[in-house]
Amino acid sequence: MVASFSTVQPVGRTASHQLGRIGVFICECGDKVAGVLDVEFLAESARRLPGTIYAGHAPYWCSADGRERLQETIRAERLERIVVAGCSPRTHRRLFQETAAEAGVDRALVGLVNIREGCAWPHRGEAGAATTRAQAQIGMEVVHVAELTPRPRAEVHITPAVLVIGGGLAGMTACLELADAGVPVTLVERAPTLGGTAAPDTRDLTDAVQTHPGISVKLNTHVANVDGSVGSYLVTTTNHKMRNTSTPRGGKRTQHGPFGAIIVATGVPDQETNELAKLLRLPQDAQGYLPECRIRLRPGTYVERGVYVCGSAHYPCDAAETQFQAYSAASRALRHLRRVKMTAQAPVAQVNAEKCNGCGDCLTVCPFAAVTLEERLEGLSLSVIDPLLCTGCGNCVSVCPVGAVTVAGWADSQLEAQMRLALGEALPQAPSSQSPVLIFACEWSGYAAAELAGAQKLSYPSSVRMIRLDCSGRLQPGLILKAFEMGAAGVLVLGCEPKVCHYERGNERAAAAYQQAEAITGLLGLPSTRLQIAWTPPDDGPAFAELVTRFVEGVEEVGVGK
Amino acid sequence: MITLTIDDHQIETQPGRTLLEAARERGIWIPTLCHHEALEPYGGCRLCVVELETPHGPRLVASCTYPCEEAAVVRTDTEMVRQSRQVAAELLLARAGHIPFIQELAASLGVHSTPFSLPVDDCILCARCVRACRGIVGVAAISMVARGAAREVASPFHISSADCIECATCVLVCPTGAITLHDITDRSRTLHTWPTEYARRACRLCEYHAETWLEVGR
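Being a predicted model, the structure only gives us computed values, none of them experimental.

Draft legend 1. The side chain of R133(A), seen in detail. Residue and element names in this part refer to chain A. Its location among the elements puts R133 in helix α5 (residues 127-146). Despite its burial, R133 pairs with no opposite charge; the closest candidate is E126, at 8.9 Å N-O. Here H123 takes part through its side chain, which lies 3.0 Å from a polar atom of the side chain of R133. For R133, the contacting residues outside a window of four places in its chain are G118, C119, H123, Y460, S462, V464, R465 and M466.

Draft legend 2. Fine view of the domain arrangement of chain B. Residues and elements named next belong to chain B. Looking at the assigned domains, one finds that chain B contains domain 1 (2-77) and domain 2 (128-217). Taken together, the 9 residues of domain 1 in the interface contact 7 residues of domain 2. Interface area lost by domain 1 to domain 2 is led by H36, L39 and Y42, which between them contribute 65%. Counting across the domain 1 and domain 2 interface gives 4 residue pairs in polar contact (both at pLDDT 80 or more). Among the residues forming the side of domain 1 that touches domain 2, the class breakdown is 6 nonpolar, 2 polar and 1 charged.

Draft legend 3. Structural detail: the nonpolar core. One finds L178(A), I263(A), V264(A), L280(A), V491(A), I142(B) and I179(B) to be the most contacted residues of the largest nonpolar core, which totals 133 residues. Per element, the largest residue contribution to this core is 8 residues, and it comes from helix α6 (residues 169-180) of chain A. The next biggest cluster of nonpolar side chains, apart from the first, holds 47 residues, and it includes I22(A), F25(A), L95(A) and V113(A).

Draft legend 4. Quick peek at the environment of D386(A). Residue and element names in this part refer to chain A. For D386, the position within the fold is in the loop between β17 (381-385) and α11 (395-399). Measuring from C-alpha to C-alpha, the distance between D386 and A369 comes to 8.6 Å, with 17 residues separating the pair along the chain. At a separation of 3.3 Å, a polar atom in the side chain of D386 contacts the side chain of S229.

Draft legend 5. The packing of helix α2 (residues 64-76) of chain A against helix α3 (residues 89-102) of chain A, seen in detail. Residues and elements named next belong to chain A. Orientation of α2 relative to α3, taken along the N-to-C sense of each, is 45 degrees, at an axis distance of 9 Å. By the angle between their directions, the pair α2 and α3 is classed as oblique. The two elements α2 and α3 meet at a crossing, and its hand is right-handed. Contact residues: α2 offers R67, L70, Q71, I74 and R75, while α3 offers L95, F96, T99, A100 and E102. Each residue belonging to the contact of α2 with α3 can be placed in one class, and the counts come to 5 nonpolar, 2 polar and 3 charged.

Draft legend 6. The pairing of strand β12 (residues 261-264) of chain A, seen in detail. Residues and elements named next belong to chain A. On β12, burial covers both faces: A261 and I263 on one face and I262 and V264 on the other are all buried. Looking at chain direction, strand β6 (residues 162-165) and β12 are connected through 4 bridges and run parallel. Looking across to β12, one finds that V164 is bridged to I263. In terms of strand pairing, β12 meets strand β13 (residues 307-309) through 3 bridges, oriented parallel. Across the sheet, residue I262 finds its bridge partner in β13, namely V307. Remark: the β12/helix α8 (residues 271-280)/β13 crossover connection has right-handed handedness.

Draft legend 7. The state of the cysteines, seen in detail. Enumeration according to the criterion identifies 0 disulfides over all chains in this entry. With no disulfide partner, C359(A) has as its closest neighbouring cysteine sulfur the one in C362(A), 6.1 Å distant. By relative accessible area, C359(A) is classed as partly exposed at 42%. Not engaged in a disulfide, the cysteine C34(B) finds its nearest cysteine sulfur in C45(B); these two sulfurs lie 3.9 Å apart. Look at C34(B) and you get buried, because its relative accessible area is 1%.

Draft legend 8. Main features of the packing of aromatic side chains. All names here are of chain A. Under the criterion given, the structure shown has 4 aromatic pairs over all chains. Seen in terms of ring centroids, F25 and W61 are 5.0 Å apart; in terms of plane orientation they differ by 85 degrees. Their pairing is edge-to-face. Within this pair, whereas F25 is found in strand β1 (residues 22-27), its partner W61 is found in the loop between β2 (52-58) and α2, the two being separated by 36 residues in sequence. Linked through ring pairs, F25, Y54 and W61 together constitute an aromatic cluster. Positioned above the aromatic ring of W121, the side-chain terminus of K457 is 4.4 Å from the ring centre. Over the aromatic face of Y447 sits the side chain of R468, whose NZ or CZ is 5.5 Å from the ring centroid.

Draft legend 9. Examining the interface of chain B and chain A more closely. Each partner contributes residues to the interface: chain B has 37 residues there, and chain A has 45 residues. Summed over both partners, the interface of chain B with chain A comes to about 3,400 Å²; 50% of that surface belongs to carbon and sulfur atoms. In this structure, the connection of chain B to chain A is made through 5 salt bridges. With a shortest N-O distance of 3.2 Å, R17(B) and E68(A) are connected by a salt bridge. Counting across the interface, chain B meets chain A through 11 residue pairs in polar contact (both at pLDDT 80 or more).

Draft legend 10. Quick peek at α3(A). Residue and element names in this part refer to chain A. Under the 1.5 Å per step criterion, the end-to-end length of α3 is 19 Å for 14 residues, consistent within 8% with the ideal 20 Å. Every buried residue of α3 is accounted for by P89, R90, T91, H92, L95, F96, Q97, T99 and A100. Capping of α3 at its N-terminal end is provided by S88; its side-chain oxygen lies 2.9 Å from the backbone amide nitrogen of R90. Phi turns positive, to about 100 degrees, at G104, one or two residues after α3.

Draft legend 11. Region of interest: the environment of L205(A). All names here are of chain A. Summarising the element assignment, L205 is placed in helix α7 (residues 203-211). L205 gets classed as buried once you look at its relative accessible area, which sits at 18%. Residues L205 and T173 lie 32 residues apart in sequence; the distance between their C-alpha atoms is 7.6 Å. Among all residues touching L205, those that are not within four sequence positions of it are L169, M172, T173 and L176.

Draft legend 12. Expanded view of the sheet that holds strand β3 (residues 81-86) of chain A. Residues and elements named next belong to chain A. The strand order across the open sheet formed by 4 strands is β2-β1-β3-β4, and the pairing between neighbours is parallel. If you trace the sheet from one side to the other, it starts and ends with β2 and β4 (110-114), each paired once. In this sheet, adjacent strand axes meet at a mean angle of 15 degrees when their direction is disregarded.

The rules behind each value
Residues numbered from 1 in each chain as written. Chains lettered and ligands numbered in written order. Predicted model: local features only at pLDDT ≥ 70, side-chain atom pairs only at ≥ 80, totals over all residues. Heavy atoms only, no water. Helix = DSSP H or I, 4+ residues; strand = E, 2+ residues; numbered from the N terminus. Buried < 20%, exposed > 50% of the residue type's maximum accessible area, 1.4 Å probe, protein only. Lys, Arg positive; Asp, Glu negative; His and termini not counted. Salt bridge = Lys/Arg side-chain N within 4 Å of Asp/Glu carboxyl O. Polar contact = N/O pair within 3.5 Å; in protein donor to acceptor, adjacent residues only side chain to side chain. Contact = heavy atoms within 4.5 Å. Domains from an automatic or database assignment. Buried area = accessible area lost by both parts, 1.4 Å probe. Nonpolar A, V, L, I, M, F, W, Y, C, P; charged D, E, K, R; others polar. Core = buried A, V, L, I, M, F, W, Y, C linked by side-chain atoms within 4.5 Å. Axes fitted to C-alpha atoms, helices over the stretch in contact; angles between N-to-C directions. Parallel < 35°, antiparallel > 145°, perpendicular 65-115°, else oblique. Left-handed = near helix turned anticlockwise from the far one by under 90°. Pairing = 2+ DSSP bridges. Right-handed = clockwise from strand over helix to strand, strands pointing away. Disulfide = S-S within 2.5 Å. Phe/Tyr/Trp six-rings, centres within 6.5 Å; stacked < 30°, edge-to-face > 60°. Lys NZ or Arg CZ within 6 Å of the ring centre and 35° of its normal. Expected span 1.5 Å × (residues − 1).

Shown next, in the form of structure tokens:
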């Protein structure tokens, strides 16, 4: 199920050799930023960063006039990448991306660094230290943006047709709902009759489905294979007239499709459910049920697969709930089809075929079923990543034992460059208790909590430097050790609370990386207080401020002498 | 270009700018609450009202939504403006006077107490969260529901929102700290969270000691 590259231009190699023409726009936010930070100094120091050819400050870059001036500057200086230092990327990223895009800068090459909630407000009592931190954070974002690569929009068309697997109460309800909305539906049922477990009580429904002109019913039919990709699945079925319904193999093979969406309504799981789950790459729980996977990422950063589960395939349901789920699945499928086409512009993981040994670790961790293994001639497999499904979370990068996977913009070398900037000032001298504490923060939890703490004007030590990650699961032990080598006083890893990771299990992998790093730092004699992992809810600013304050105090107490 | 007068300053601005944008560009302070730079103007809080000269006499308009017009004459600090803002601030104090941010905002307008009495609530219905969810994040996990005194921010049908991506942007833009993720998602991971009541009954098929869960309705 890997998308053909015809819809997607190949992603360029990381342009580490060319830094591009970077512009840094420092926002005073009236006096909210300029009242604490020395913006003139920040602009001056930004101008000295490699690749930066413009750095300036203004009262508001986000106002209509400010954005106009920003665009004029982009055109006048022929900027290719920009960094806006001001407020939260979560609120203003889209605004500045659109502004920059109108002036000819690729949306993906726009970086935002929050020096308002990030530096000015939490450290407003210590203007000098706040400015120093802002200087480092701006530098880190410039290094990050310098090595981003533009990614062409991956675009996929969605075929307006639906396949429903399972002709029970759930499947038939979904069928009727979709067919009444004018969508051609194909219903596949392995038994010789419709109805499933609710058979005696569904006569009206069965008649309605069988007589509906928009529904094509295939009885005695099993799903044998699923091909194609998002938006146009091709499904091969086998037909048989035998009474034994547990043998999907054999019989006449027919290919159906393409389908823009697939609804799985197979009822309580059995052996065939396992095979179907493998074909559609749906996660299964211990009992074989197909739990709901709600994707909690920003629209526009991922492509919805268009596979929905309803009824007792989820978990045992009564009739009312089954029907409710069927309506829900049908409406979601309908919404998916009505998009007509989908675009995604997230960074995409790439596999170095020379390094990949086909172990399949990335396949097991990918939360979006974007990885498939392809047979290679030498008998080894090769991991292939579907650029449409990849969201660039980087969980595959951290599990790859041979370092074959990279995510453009989040490669180890780039994170190291950020770390070097964050800790650079500590490098020439022997590490002292003044050296920075590095925070690796998942943008969905730790980073959000940090911004909230700033917005609530809570104070925490200014010696921290924060590296924002898509997911804490991106982190690997090597990077943590590298941070200590570069002179970090402490390393704090922040991820989502257990079970609420936006990439399913990224936080568990972060915990594993932490444990490995902790074992090694322990052997090296580093006090355990200097390395910590914590789960931070994104809507609890006070908890974040307290956590960081206590961590930094602990680090200062043990010192960094050893 | 459009030329207008704000507080005796001649201001040149592009067509399509709001009065607030033109005033801010010139450095003229106008208080705001529901306004957010990354969101569409809303005109909800009425703190940004200014006085506009019209043939029928002076009139109050919300500067965050009112567009600049050629030769318009606008005043931001007249008695009428001050009174209107003070009433708005008094109403805010009556509803959310326990929130420090609201106290500061009211104090900046010279309001320290309120003659009104309203049911106390953290939420002041500025709709920044709702607009951020729709306009910035691109989903609509929450919206304004009901009207009048019953108006509130809620997830659809007051049950856990399936569209919420738990980005906490609403929490970040909320000026009063009234919203948490718990309000929207209840930390649930599934779509179907309504309570179904179950009762224990002996199983008719297996041993009488064995019990199973049978639903007896909700």
